[in-house]
Amino acid sequence: MTIRAAILKREDELLEAIKSSDIVNLDKLLHDDLLFISPGGQAVTKQMDLDAHRSGAMIVEALKPTVEQVNIIENTAVVVIVYETKGSMMGVPVEGSFRYIRIWKLFYNGWQVIAGSCVQI
């Protein structure tokens with residue numbers, strides 16, 4: 001399997017974990033020191049993300065991805081992906097197209113997301 005294929009497989013796993021609020025898989029795929037910038041500019045940690053899924057504050061009704069770019073730089077991958085999204089966050093409806101950038105890094109226990117950001121487009 002190529003590195004690109006491995007990253008796309010992890011992206012699929014992450015997508016399924018997000019859609020189902022699968023805390024166990026999210027915990028495996030997100031690095032403990034993850035930093036993510038939300039569309040509103042908030043810095044989100046792994047714990048904050050897991051807590052949002054665990055509490056039901058994040059509800060995903062639909063999430064359709066379109067991968068735009070995958071750059072492999074040694075043991076790091078940069079992925080740009082657009083999601084057609086429908087759901088809610090803390091009771092506030094969220095719907096539209098969002099462009100994400102995610103940074104994956106290879107660790108002894110596999111590929112994990114170390115950083116990311118998204119904006120509504």
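Now for a description of the structure that goes with this document. (Residues numbered from 1 in each chain as written. Predicted model: local features only at pLDDT ≥ 70, side-chain atom pairs only at ≥ 80, totals over all residues. Heavy atoms only, no water.)

**Some remarks on the pairing of strand E1 (residues 30-37)**
In this structure, E1 lies alongside strand E6 (residues 110-120), joined through four bridges in parallel fashion. The residue of E6 that forms the bridge with Leu35 is Ala115. (Pairing = 2+ DSSP bridges. Helix = DSSP H or I, 4+ residues; strand = E, 2+ residues; numbered from the N terminus.)

**Description of the environment of Ala62**
Inspection of the secondary structure puts Ala62 in strand E3 (residues 58-73). With a relative accessible area of 36%, Ala62 lands in the partly exposed category. C-alpha separation for the pair Ala62 and Glu84, spaced 22 residues apart in sequence, amounts to 7.5 Å. Contact partners of Ala62, with chain neighbours within four places excluded, come to Glu84, Thr85 and Lys86. (Buried < 20%, exposed > 50% of the residue type's maximum accessible area, 1.4 Å probe, protein only. Contact = heavy atoms within 4.5 Å.)

**Comments concerning helix H3 (residues 46-55)**
Among the residues of H3, those classed as buried are Lys46, Asp49, Leu50, Ala52 and His53. Buried residues of H3, viewed axially, fall in a sector of 155 degrees; they line one side. Taken together, the buried residues of H3 touch helix H1 (3-20), helix H2 (23-29), E1, strand E2 (43-45), E3 and strand E4 (76-89). A positive backbone phi angle near 85 degrees is found at Gly56, which sits one or two residues after H3. (Arc of directions from axis to C-beta.)

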